[in-house]
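Topology and contacts: notes
The residues making up each chain are set out below.
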Amino acid sequence: MSATVVLGVTGGIAAYKIPALVRLLVADGLDVSVVMTRAGTQFVTPLTLATLSCNPVHVDMWSERPGPQVEHISLADRADLAVIAPATANIIGKLAAGLADDLLTTVCLALKCPVVICPSMNVNMYRNRVVQRNIKTLKEMGCHVMEPESGWLACGWTGEGRMPEPEVIAAEIMRHLSAPDLEGERILVTAGPTEEPLDAVRFLTNRSSGKMGVAVAARAARRGAQVTLIAGPMSVEPPAGVRNIPVRTALEMYQRVMEVFDDSDVVIKTAAVSDFRPANPATGKIKKEEAPGKISLVRNPDILHILGTKKRAQQILVGFAAETENPLENGRKKLIAKNLDMLVLNDVTQPGAGFRQDTNVVHFLLRSGEEESLDLMTKDRVADLILDRVKEIRLRRGRKQDSAPSEADHQVRP
Ligand SMILES: Cc1cc2nc3c(=O)[nH]c(=O)nc-3n(C[C@H](O)[C@H](O)[C@H](O)COP(=O)(O)O)c2cc1C
């Protein structure tokens, strides 16, 4: 994505997190122009932020000008989004009052793009009535003010006022810059492996990292969907901006999925759920000398199959499969047998595909009969293409529903 973000950095202690934020934004392909207040430069150096953003950092309105352009106007004109992080009580007051006594406040007055503000300060400053009044004014003016987090503050107090983590702010920024083409969709994503206990310390699992599901959840949230992620123990962090429900076993995943299923419009099941579990897990640790000669296994519920039997007319169900023999033939059978709208076939035999990789090679099999083989690409890109297909299915279904609503549709969406 090649959008331009003007990032205003003011004199709050949370400025120490801003280099990490800049790195995330640059990694996402954004062109980041940092504007700092004088106080901001006390907490993080312009050199650091210039190096990480690969752009000059602007602090002074009166510094030398290489060209005829007026710096504060050209910065404001270029911006697709402006973010103030951290936003001190001081800048919040100045913006609410419409002051323009330094480069950042002057740029802000000339902005035509959306503005995201990340308040960050001591809890008592944050609760102060004048600060709350200024925040309210900024919201009324159309600024997007992020809720600060609650917890331990650098000043020693505990309470609200902590700037959200860079990953959370980056997700919010990407959400503002992405077309909200999935707004209104409630998407349930499952991800990761499950762990099936053998005793108090041992378990059976598989090599799934959760990366594919995290990519789908993150991209869906970025595109405006309301996302719930139900994930087994993953080796990656769940993305910001989604409701995260961690589980451990296949049975737990089954229970949680069933709780959320009715309120979901789309279900994308990337999780590598264990097909079996030890029949009689020991409550304590099995001693070396008591090692069982064999382990009895019982089948876990086939969650995807059960969802297929319960699916309502308007729900879209997407499954994943990792087949090694006759993948296309077996995939087509699975698509029908499990009543899916779409099956994503992981070609785990290809280099760069499958578990733990950042890339994947997949085939899409759609219920409509369409099939698509994709080249090696990042899991983020695969996630976007899956969501594009989901959107197409929704559009087709919407049209059908408009022309001839079915009984089932009436029951689902009264
Ligand atoms: C060590 C230190 C930490 C500070 N942290 C914050 C803070 O987190 N939030 C805040 O609103 N002000 C904080 N301040 C006060 C601001 O730096 C001060 O109000 C300054 O005038 C802000 O200027 P600016 O808004 O132009 O950047 C801190 C000051 C010091 C000395």
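How each quantity is defined
- Residues numbered from 1 in each chain as written.
- Predicted model: local features only at pLDDT ≥ 70, side-chain atom pairs only at ≥ 80, totals over all residues.
- Helix = DSSP H or I, 4+ residues; strand = E, 2+ residues; numbered from the N terminus.
- Near = placed C-beta within 6 Å.
- Nonpolar A, V, L, I, M, F, W, Y, C, P; charged D, E, K, R; others polar.
- Buried ≥ 20, exposed ≤ 12 C-beta atoms within 10 Å, placed from the backbone.
- Pairing = 2+ DSSP bridges.
- Core = buried A, V, L, I, M, F, W, Y, C linked by C-beta atoms within 7 Å.
- Domains from an automatic or database assignment.
- Contact = placed C-beta atoms within 7 Å.
- Axes fitted to C-alpha atoms, helices over the stretch in contact; angles between N-to-C directions.
- Parallel < 35°, antiparallel > 145°, perpendicular 65-115°, else oblique.
- Left-handed = near helix turned anticlockwise from the far one by under 90°.
- Right-handed = clockwise from strand over helix to strand, strands pointing away.

Attention now moves to the environment of E172. Relative to the elements of secondary structure, E172 occurs in helix α8 (residues 166–177). Distance in space between the C-alpha atoms of E172 and M146 is 8.7 Å, their sequence separation being 26 residues.

It is worth spelling out the site of the ligand at this point. Close to the ligand lie 15 residues; T10, G11, G12, A39 and T88 are nearest. The dominant element in the shell around the ligand, judged by the number of residues it contributes, is helix α4 (residues 89–97), at three residues. Class assignment of the residues belonging to the shell around the ligand gives a composition of seven nonpolar, eight polar and no charged.

A few words on the pairing of strand β3 (residues 81–87). Residues in a regular strand point their side chains to alternate faces of the sheet. Most of β3 is tucked away: seven of the seven residues are buried. Residues L81, V83, A85 and A87 of β3 are buried on one face, and the alternating residues A82, I84 and P86, pointing to the opposite face, are buried as well. Across four bridges, the pairing between strand β1 (residues 4–9) and β3 is parallel. Paired with L7 across the bridge in β3 is V83. In the sheet, β3 pairs with strand β4 (residues 115–119) via four bridges, with the strands oriented parallel. In the sheet register, A87 faces β4, and the bridge partner there is P119.

This next bit is on the nonpolar core. With 104 residues, the main nonpolar core has V5, A85, I92, V189, A217, A220 and V318 as its most contacted residues. With eight residues, helix α9 (residues 211–222) is the largest single contributor of residues to this core. Two domains each donate at least three residues to this core, and these are domain 1 (4–177) and domain 2 (186–412). Beyond its immediate stretch of four places on either side in the chain, V189 contacts G213, V216, A217, A220, V227, L229, I268 and T270.

What follows concerns the packing of α4 against helix α7 (residues 129–140). For the pair α4 and α7, interaxial distance at closest approach is 9 Å and the crossing angle is 50°. With respect to α7, the axis of α4 lies oblique. When the axes of α4 and α7 are compared, the crossing they make is left-handed. Across the interface between the two elements, A89, I92, G93, L95 and A96 from α4 touch V131, N134, I135, T137 and L138 from α7. Here the residues of the contact of α4 with α7 sort into seven nonpolar, three polar and no charged.

Burial analysis of strand β16 (residues 316–322) places six of its seven residues in the buried class, which makes it a mostly covered element. Direction of pairing for β16 relative to strand β17 (residues 342–346): parallel, over a ladder of five bridges. For G319, the partnering residue across the bridge sits in β17 and is L343. What joins β16 to β17 is helix α12 (residues 327–337), and the crossover it makes is right-handed.

What the domain assignment reports for the protein chain is domain 1 (4–177) and domain 2 (186–412). Summarising the inter-unit geometry, the C-alpha centres of domain 1 and domain 2 are found 38 Å apart. Across the side of domain 1 that touches domain 2, the residue classes break down as three nonpolar, no polar and three charged.

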